[in-house]
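Results of the structural survey
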Amino acid sequence: MVSYLVNNAGTSAYLAAGFAIISFAALFIFFAGVTVFGPINDFLSIFQMLFLIPVALALYQLLRSTAPTISLLTTAGAVLALAIIAVLQILLVVRIVTFEFTIRPILILGVVLGIWWLATGFLAFNSGALPTGLAWTSIIVGVSFMVIAVGFWIDGPQHPLAAIGFLVGAIASPVLAIWLGRLLS
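This one's a predicted model, so the numbers in the text were calculated from it and none came from an experiment.

**Things to note about the overall build of the chain**
- In terms of regular secondary structure, the chain is built from 7 helices and 0 strands.
- Secondary structure elements of the chain, listed N to C terminal, follow the sequence α-α-α-α-α-α-α.
- Against the 2.2 N^0.38 benchmark of 16 Å for 185 residues, the chain shows a C-alpha radius of gyration of 16 Å, consistent with a compact globule.
- Oriented by its inertia axes, the alpha-carbon framework of the chain measures out at about 45 × 35 × 25 Å.
- When the 185 residues of the chain are sorted by exposure, 47% land in the buried category.

**As for the side chain of Thr137**
- Mapped onto the secondary structure, Thr137 falls in helix α6 (residues 132-155).
- Non-local contacts of Thr137, meaning those with residues more than four positions away in its chain, are made with Ala172, Val175, Leu176 and Trp179.

**Let's talk about the packing of α6 against helix α7 (residues 160-184)**
- Two elements in contact, α6 and α7, have axes separated by 8 Å at closest approach and are oriented at 150 degrees. Handedness of the α6/α7 crossing: left-handed.
- Its residues assigned to classes, the contact of α6 with α7 shows 18 nonpolar, 8 polar and no charged.

**Points about the packing of aromatic side chains**
- The full count for this structure, using the stated rule, is 9 aromatic pairs.
- On the basis of an interplanar angle of 40 degrees and a centroid distance of 4.1 Å, the ring pair of Trp116 and Trp117 is categorised as tilted.
- Counting every residue linked through ring pairs, the aromatic cluster contains Phe19, Phe43, Phe47 and Phe51.
- Directly above the aromatic system of Trp153 lies the positively charged group of Arg104, at a separation of 4.2 Å from the ring centroid.

**Details of unusual backbone geometry**
- Although it is not a glycine, Arg95 adopts a positive phi angle of roughly 65 degrees.
- Relative to the assigned elements, Arg95 resides in the loop between α4 (68-93) and α5 (99-127).

**What to know about the nonpolar core**
- Grouped together as the largest cluster of nonpolar side chains are 36 residues, with contacts concentrated most on Val55, Leu59, Leu113, Trp116, Trp117 and Leu180.
- Contributions of two or more residues to this core are made by α2 (9-31), α3 (37-63), α4, α5, α6 and α7.
- Broken down by element, this core gets its largest block of residues, 10 residues, from α3.
- Not counting the four nearest positions on each side in its chain, Leu113 is found in contact with Met49, Ala78, Ala81, Leu82, Ile85 and Phe145.
- Among the nonpolar cores identified, the runner-up in size contains 11 residues, and Leu27, Ile103, Phe152 and Phe166 belong to it.

**A few points about the packing of α3 against α4**
- In contact at an axis separation of 9 Å, α3 and α4 are set at 165 degrees when each is read in the N-to-C sense. One finds that α3 runs roughly antiparallel with respect to α4. For the element pair α3 and α4, the recorded crossing hand is left-handed.
- Taken together, the residues of the contact of α3 with α4 break down into 20 nonpolar, 4 polar and 1 charged.

Scoring rules and cut-offs
- Residues numbered from 1 in each chain as written.
- Predicted model: local features only at pLDDT ≥ 70, side-chain atom pairs only at ≥ 80, totals over all residues.
- Heavy atoms only, no water.
- Helix = DSSP H or I, 4+ residues; strand = E, 2+ residues; numbered from the N terminus.
- Rg over C-alpha atoms; globule rule 2.2 N^0.38 Å.
- Buried < 20%, exposed > 50% of the residue type's maximum accessible area, 1.4 Å probe, protein only.
- Contact = heavy atoms within 4.5 Å.
- Axes fitted to C-alpha atoms, helices over the stretch in contact; angles between N-to-C directions.
- Left-handed = near helix turned anticlockwise from the far one by under 90°.
- Nonpolar A, V, L, I, M, F, W, Y, C, P; charged D, E, K, R; others polar.
- Phe/Tyr/Trp six-rings, centres within 6.5 Å; stacked < 30°, edge-to-face > 60°.
- Lys NZ or Arg CZ within 6 Å of the ring centre and 35° of its normal.
- Core = buried A, V, L, I, M, F, W, Y, C linked by side-chain atoms within 4.5 Å.
- Parallel < 35°, antiparallel > 145°, perpendicular 65-115°, else oblique.

Structure representation (structure tokens):
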């Protein structure tokens, strides 16, 4: 099963990029006041998270020789965070839980994903397994995840840190996923 996911990580990365683009667009429309786009964003983010799991596993295969323990821990954390976020979003979409119930765990899990993207970038620098630009993009995505969480935790999506994080993430996340799609295909 894991080898199948790793072998198809390029396609999965492209799909994650597509869902990220549409999900961020829905999120920005929602923040502009069109409330119907909130649930659309929630639904789309389920797929974005699930399609990133094979990417995480493939990156682990590429980067584990550089720092086996760090790579294993951050990948395990990322896969777990991606799966939990997907489950929380499913529960939110089918109205088993409320947004208020999911927001704090998702923010914390977003920090876990930020740490994973940061570690991926730094491991890529050390290993030379990925292009330098991709390593920097991974670090930028990692920082954006953490900035979103901090800003949102302080004062919701209107906080400047959250807004900047969303904007940077909306650009950098799909770029990173598309780039990874090309490399992993």
